[in-house]
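A structural walkthrough
If you want the building blocks of each chain, they are given just below.
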Amino acid sequence: MSVDVQLRFDSEAITEYSKANQEPAWFLEKRLAGLKAAGELQLPALEKTKIDKWNTTEFDPFQTAAPVASASELSELVKAQIDADSVKNLLVQKNASSVFEAVSDELKSKGVIFTTFAKALVEHGDLVQKHLLNVVAYDEHKLTALHTAVVNGGVFLYVPKNVEVEVPLQVVFEVAGDHALLSPHVLIVAEANSKVTYVDTFVSGEGKNMVANSIVEVYVGAGASVQVASVRSLSTDVHDYSFRRATVDRDGKMEWILGEMNDGNTVANNTTILKGTGSIAETKSISVGTGTQRQNLTSQVQHIGTHSESDMVSKAVMTGEAVSILNGITKIEKGAEKANGVQAENILMLSEKSRGDANPILLIDEDDVKAGHAASVGRFSEESLYYLMSRGITRQNAERLIILGFLDPVVAEIPVEEVRNRLRQALERKLG
């Protein structure tokens, strides 16, 4: 058996896993093409961040975990992320295994498909093949190629035309164990005039040299509305790479709400392509840098359709010796008349040794548009501190209130109460 250079797995291991899961032949071909490309492509070029010494390949991709019969048997780590209402429509994945799946009859009766990526390949192969890896190409760079080769789970969510899903659909992803990999592919398809909210949380158990490498693809049909909320709270032992991308048709709306609460090194790229006339994108994200953590976080919107609108807000708090790069990119293509794109990146510095870079970028190839950006990097307002302390609040608590007030406009947008509460707890933990 020949082992691929610098990898802990080879084409035989991938083929064996694919056949064991009864995946269609076309997807195995895609996996093997990804493996080949991974050996030829470079890592993504990131603004002011080098990741060549980060862990991108040192993992065992197909570590399994035992399923549970009921939500009460889930680990305490996972149960902390969910509430009673979420259990009705909930998927839980640990490493390369789906450990719990619950989908209500009401959801099924509407024709909604909410299932694991593995099941979707077998039961809805034609529908998955039609949309898979179209907005994120498998060969964009080494990380997308590796992801394609070793996809070990994920979610398929399909909402038919004119169907509105009234309750948020939740997924919890857990990675645990030495050299464990979490590489889910999330594929969301919302047909015309449909509406859905999808929420996922990423958590990690004990283990060393773990990797998360995920891709999210969203297709928003004409007049459809999709809201995706994601909270990532992975430990210092996990290197996390996430690539999220959506394409939005005429009068459709895509909303991202992102909480980057990892303790380890993180790369995240969030891109929305506004293809249709009147399409809308909103992105709200928060992050906290602690210790010696390195983060490179990019939010991007590409305007193609006329009268399209985008609004991006990114907020970060920096402590310790952490470094965070916040990139905001608004690209208005030629012909995207009457487009309107605004963005703001704000970084609050709590340490002299930390570093935060806010990089707003406007790329405009059309004259008849509106666009604007704002960026700020600064420390506490002493006037605000003095005001709170004059009311009998200690300096430590005054600082805490200012920080939470700075971030809470995004936190409050999380659509599931338990996830919202856990995000606030994660903020408290990271800020000490």
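Rules behind the numbers
Residues numbered from 1 in each chain as written. Predicted model: local features only at pLDDT ≥ 70, side-chain atom pairs only at ≥ 80, totals over all residues. Heavy atoms only, no water. Helix = DSSP H or I, 4+ residues; strand = E, 2+ residues; numbered from the N terminus. Rg over C-alpha atoms; globule rule 2.2 N^0.38 Å. Contact = heavy atoms within 4.5 Å. Areas by Shrake-Rupley, 256 points an atom, 1.4 Å probe, with all protein chains shown as cover. Lys, Arg positive; Asp, Glu negative; His and termini not counted. Charge placed at Lys NZ, Arg CZ, Asp CG, Glu CD. Buried < 20%, exposed > 50% of the residue type's maximum accessible area, 1.4 Å probe, protein only. Polar contact = N/O pair within 3.5 Å; in protein donor to acceptor, adjacent residues only side chain to side chain. UniProt positions renumbered as here; feature names shortened; annotations may be inferred. Phe/Tyr/Trp six-rings, centres within 6.5 Å; stacked < 30°, edge-to-face > 60°. Pairing = 2+ DSSP bridges. Axes fitted to C-alpha atoms, helices over the stretch in contact; angles between N-to-C directions.

**A closer look at the overall build of the chain**
Helix and strand counts for the chain stand at ten helices and 20 strands. Whereas a compact globule of 432 residues would reach a radius of gyration of roughly 22 Å, the chain reaches 21 Å, a difference of no more than 12%. Considered along the principal axes of its C-alpha atoms, the chain spans approximately 65 × 50 × 45 Å. Put simply, of all contacts in the chain between residues at least 6 apart along the chain, 81% involve residues at least 24 apart. If you sum the accessible surface of the chain, you get close to 17700 Å²; carbon and sulfur atoms cover 47% of it. Mean positive and mean negative side-chain charge positions of the chain (43 and 58 charges, respectively) differ by 3 Å.

**Some words on the side chain of His303**
Within the secondary structure, His303 is located in strand β15 (residues 294-303). Taking the relative accessible area as the measure of exposure, His303 reaches 0% and is therefore buried. Polar contacts involving the side chain of His303 include one to the side chain of Ser310, which spans 2.8 Å. Leave out the neighbours within four places in its chain, and His303 touches Leu274, Ser308, Glu309, Ser310, Thr330, Lys331, Ile332, Glu333, Ala336, Ala339, Asn340 and Gly341.

**Observations concerning helix α7 (residues 142-150)**
Judged by how many residues are buried, α7 sits mostly within the fold: nine of nine residues are covered. Within α7 the residues assigned to the buried category are Lys142, Leu143, Thr144, Ala145, Leu146, His147, Thr148, Ala149 and Val150. Packed against the buried residues of α7 are α1 (11-20), α2 (25-38), β6 (181-182), β7 (184-190), β9 (210-220) and β11 (238-248).

**As for the UniProt feature "domain: SUF system FeS cluster assembly SufBD core" (unreviewed entry) in the chain**
In the numbering used here, UniProt assigns the feature "domain: SUF system FeS cluster assembly SufBD core" (unreviewed entry) to residues 177-406. The span residues 177-406 carries 9% helix and 59% strand; its end-to-end C-alpha distance comes to 35 Å.

**What to know about the packing of aromatic side chains**
For the structure on display, the rule yields six aromatic pairs. The interplanar angle of 80° and the centroid separation of 5.7 Å between the aromatic rings of Trp26 and Phe27 together place this pair among those described as edge-to-face. The class for Phe27 is buried, based on a relative accessible area of 1%. Measuring from centroid to centroid gives 4.8 Å for Phe173 and Phe202, while their planes differ by 35°, and the two rings are tilted. A residue pair is termed long-range when its members are at least 10 positions apart, and Phe173 in strand β5 (residues 169-175) and Phe202 in strand β8 (residues 195-204) qualify at 29 residues. Grouping aromatic residues by their ring pairs yields a cluster made of Trp26, Phe27 and Phe117.

**Details of the sheet that holds β5**
Reading across from one edge, β2-β1-β5-β8-β10-β12-β14-β16-β18-β20 is the order of the ten strands in this open sheet, with mixed pairing throughout. Edge positions in the sheet fall to β2 (97-102) and β20 (370-378), since each has one partner strand and no second. Mean inter-strand twist for the sheet, computed between neighbouring axes without regard to direction, equals 10°. Where strand β12 (residues 253-260) meets strand β14 (residues 280-289), eight bridges bridge the pair, whose relative direction is parallel. Within β14, the residue paired with Lys253 across the bridge is Ile280.

**Some points on the pairing of strand β16 (residues 309-318)**
Counting buried residues along β16, seven of its ten residues qualify, which places the element largely inside the surrounding structure. As paired elements, β16 and strand β18 (residues 340-349) share ten bridges and run parallel to each other. Its bridge partner lying in β18, Lys315 is registered against Asn346.

**Side note on the pairing of β14**
Across the ten residues that make up β14, a large majority, eight, are buried. Looking at chain direction, β14 and β16 are connected through ten bridges and run parallel. In the sheet register, Val288 faces β16, and the bridge partner there is Val317.

**A word on the environment of Met318**
Mapped onto the secondary structure, Met318 falls in strand β16. A relative accessible area of 0% places Met318 in the buried class. With 114 residues separating them along the chain, Met318 and Ser204 place their C-alpha atoms 22 Å apart. Residues contacting Met318, with those up to four places away along its chain left out, are Gly289, Val323, Ser324, Ile347, Leu348, Met349, Leu350, Ser351, Ser354, Arg355 and Gly356.

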